[in-house]
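# Coordinate inspection notes
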2 protein chains.
Amino acid sequence: MKFIHTSDWHIGRQLHNQSLLDDQRFVLNQIVELAVLHDVDALIVAGDIYDRSIPPASAVALLDEVVNRVVNELKIPIIMIAGNHDGHERLGFASRQMIDSGLHIVGPLTKTVTSIELKGKQGSAMFYGLPYADPATVRHVLDCEVSTHEAAMDKLLEQVHEHDSNGLPKVVISHCFLDGGSESESERPLSIGGADKISPKLFTPFNYTALGHLHGPQYKGSDHVRYSGSMLKYSFSEQHQNKSVTLVELDSEGKAHFELLPLSAMRDVRIIEGKLAELLKIGKTDVNREDYLMVRLSDKTAILDAMGKLRSVYPNVLHLERTGLMSDNGKVELSRDHIKKGEMDMFSDFFTQVSGDAMTEAQQQAMTAAIDELHKLERTS
Amino acid sequence: MKFIHTSDWHIGRQLHNQSLLDDQRFVLNQIVELAVLHDVDALIVAGDIYDRSIPPASAVALLDEVVNRVVNELKIPIIMIAGNHDGHERLGFASRQMIDSGLHIVGPLTKTVTSIELKGKQGSAMFYGLPYADPATVRHVLDCEVSTHEAAMDKLLEQVHEHDSNGLPKVVISHCFLDGGSESESERPLSIGGADKISPKLFTPFNYTALGHLHGPQYKGSDHVRYSGSMLKYSFSEQHQNKSVTLVELDSEGKAHFELLPLSAMRDVRIIEGKLAELLKIGKTDVNREDYLMVRLSDKTAILDAMGKLRSVYPNVLHLERTGLMSDNGKVELSRDHIKKGEMDMFSDFFTQVSGDAMTEAQQQAMTAAIDELHKLERTS
């Protein structure tokens, strides 16, 4: 049994108000190609399919495309579970009507944990889809007393332990936060104060656990309890993460073997740093200048329309930080000297843009005098 | 081939801010029971499944319940098309994955009109699902030049004419506005100025046309071109409509025979009219006092908290009209006399509610004097 484990697609997500739909289509196509290349028996998506409970219609249409291609054309079954970002009812609509097609969507939590037997070209496996559920939901649906995420998961896993898989290896699919996991800035916390953390030990008894929620690929406790990570970088804090899907193969003893299959983005998400003039110069020959960028400008003077200037070279600058104007505590420092210097710089810049020429010395002196006059008036008023 | 034709479920709709979900569950259960009772081969829903493109999660969950019951438990196929209220992409998500289950959802318009062959216990039929599509959509998807709703429909129906149904009768499912159709207040106009109207003649060549959009059951042009009407009264303008589903049977020659199967609502939608005291008296013995009511009060005096008083007897009064205070032009008339009379009445009412006693004559005189004094001050200020 060989399958691809992926998660946190977040279809419909925006990065600093920029739609990522084309980027998502690009990388989803790669995942489909990897599934074909490795001749997998299934595609597992461990939650956060969409970025929010009411995704835009274009996101729904994109997922529909992917599902048609994988399930109907390639005949590769998909199991996907709802994550904390998904609207469980919406995602799970008519899921019973899709089962025969090979599309298994686990939406709202049900009293009996969903078990799905998938036949592989070499051996089969039993998959258990646990949608994201907070302790209150588990209490309500399973009519039990649990108050922490860990106790809730323990309760759900009881059923997986007890379920008769006919000797088949057991693969758990879950969307949760394992204790010790490395976070990024793009995950929405499951609860306040850390009560959402679950011991990885709960999952070690199973043959493999396909996790979603954390955006960096990692394993916890044991190497068969894994996060695949998201398919794209969804925050600048992830700039150094390598995104991938996890290829998992269960051998005849049910032991899991893995390989990380790298994904490449249509546009990378990265941070560049330096003086405006230098960055503009480098940008002209940067083949990746269409990447999504956070720019940290180290210039210590005011700059007119820095964003516009940057975007003329790097069209997808999404965020700008003026680190050159920041004090050590990270706040923008606006001393009187800074402001004064800034005003003159700003006007000089404006003058050049409008007239096409630099200011003459006489013009500069006149302007400096005018600014000083204004400051005097300001002080006396 | 025997099927039930229904439409305009509008699941998730509110009536004057009142959720109708329980009422909708009640009447949907009736539709399911009628399908069983008449041993039908299919259930056809001609659009406006939901009330809006983003229905509440509870509406999605209710439709999921209905679909599970009909398709999975009763094994009765369903064909539903998107109406002008539905979000086509959302409704149509994963529809290809549902086909084998017997659930056919026609979401966004596609280049090739969707044809679905259903086998009945006595004879089969070919169904053509045409989702609601305005001329611009038809132009775009079919890459043709049409500017009116009628020309767009004509273009779509070309395909139905040309399609080889292997000799099976052709049933068209459409959501549109036929010329001459009777409107209610609860349909959202398809366009401004009447360019949305389509000649019923376009549909007469087919064995049956199952229409949605108009909320009153009716046929146009020919009795086999029919609106089933909505399953519930969705506005007070529909108070005299009898809601039903249409039972259709195609005989061996492909001729359609019909029967309207009445639906009864959990709570009726109706208008009552009269003086407050009379209505409160009648209400005490009215077994249907939980109906959704519009109340038209003919009292000519001001009344303190009329809505509260009515709701103490009729809990579901949704709208109140003070017809007694209206002039012939339908506007509330507030002559100086009316207001004066109103103030005293209102205070007297308030006094009785607070003290439990009627005002004595002396108290009335004192109050009248006080009101007059206030009016004098008002005039001089």
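Residues numbered from 1 in each chain as written. Chains lettered and ligands numbered in written order. Predicted model: local features only at pLDDT ≥ 70, side-chain atom pairs only at ≥ 80, totals over all residues. Heavy atoms only, no water.

### Focus: the side chain of Asp286 of chain B
With respect to the helices and strands, Asp286 of chain B occurs in the loop between helix H6 (276–283) and strand E18 (292–297). The residues touching Asp286 of chain B, leaving out its near neighbours within four places in the chain, are Arg270 and Tyr314 of chain B. (Helix = DSSP H or I, 4+ residues; strand = E, 2+ residues; numbered from the N terminus. Contact = heavy atoms within 4.5 Å.)

### What to know about the relation of the copies chain A and chain B
For the match of chain A to chain B, the screw axis carries a shift of 0.0 Å, the RMSD comes to 0.1 Å, and the turn is 180°. Those values place the two copies in the arrangement expected of a two-fold rotation axis. Nearest to the rotation axis, the C-alpha of Met98 of chain A is located 2.4 Å from it, this being the minimum over chain A. A high fraction, 100%, of the interface residues of chain A reappear at the interface in chain B, so the copies pair face to face through one surface. (Least-squares fit on C-alpha atoms with pLDDT ≥ 70 in both.)

### Here we look at the sheet that holds strand E13 (residues 218–220) of chain A
Residues and elements named next belong to chain A. As summarised here, the arrangement of the six strands in space is E7-E8-E9-E12-E14-E13, forming an open sheet in which the pairing is mixed. Looking along the sheet, the strands with just one partner apiece sit at the ends: strand E7 (114–120) and E13. Averaged over all adjacent pairs, the angle separating strand axes in this sheet is 30°, with direction ignored. Strand direction decides the pairing type here: strand E8 (residues 123–130) and strand E9 (residues 170–175), joined by five bridges, are parallel. The residue bridging Gly129 from the neighbouring strand is Ile173, located in E9. (Pairing = 2+ DSSP bridges. Axes fitted to C-alpha atoms, helices over the stretch in contact; angles between N-to-C directions.)

### Observations concerning the nonpolar core
Trp9 of chain A together with Trp9 of chain B are the most contacted members of the largest nonpolar core, which totals 96 residues. With sequence-adjacent residues up to four places away left out, Trp9 of chain A is seen in contact with Gln24, Leu28, Ile31, Leu43, Val45, Gly47, Asp48, Ile49, Leu63, Val66, Met231 and Tyr234 of chain A. Formed by 30 residues, the second largest nonpolar core is a distinct cluster that contains Val172, Phe203, Phe206 and Leu214 of chain A. (Core = buried A, V, L, I, M, F, W, Y, C linked by side-chain atoms within 4.5 Å. Buried < 20%, exposed > 50% of the residue type's maximum accessible area, 1.4 Å probe, protein only.)

### Things to note about the environment of Gln159 of chain A
All names here are of chain A. The topology assignment puts Gln159 in helix H5 (residues 149–162). Its relative accessible area of 22% is what places Gln159 among the partly exposed residues. Polar contacts involving the side chain of Gln159 include one to the main-chain carbonyl oxygen of Lys111, which spans 2.8 Å. Polar side-chain contacts of Gln159 include one of 2.8 Å to the backbone nitrogen of Val113. (Polar contact = N/O pair within 3.5 Å; in protein donor to acceptor, adjacent residues only side chain to side chain.)

### Side note on the interface of chain A and chain B
With 26 residues of chain A at the contact, the number on the chain B side is 26 residues. Here chain A and chain B share an interface that buries about 2,100 Å² over both sides, 59% of which is from carbon and sulfur atoms. In this assembly, chain A and chain B are joined by zero salt bridges. For the pair chain A and chain B, the interface holds ten residue pairs in polar contact (both at pLDDT 80 or more). Of all the elements in the fold, those that place two or more residues in the side of chain A that touches chain B are helix H2 (57–73), helix H3 (88–92) and strand E6 (103–106) of chain A. If you tally residues by element for the side of chain A that touches chain B, the top one is H2 of chain A, at ten residues. Class assignment of the residues belonging to the side of chain A that touches chain B gives a composition of 15 nonpolar, six polar and five charged. (Buried area = accessible area lost by both parts, 1.4 Å probe. Salt bridge = Lys/Arg side-chain N within 4 Å of Asp/Glu carboxyl O. Nonpolar A, V, L, I, M, F, W, Y, C, P; charged D, E, K, R; others polar.)

Function-wise, these values are silent; they only describe arrangement.
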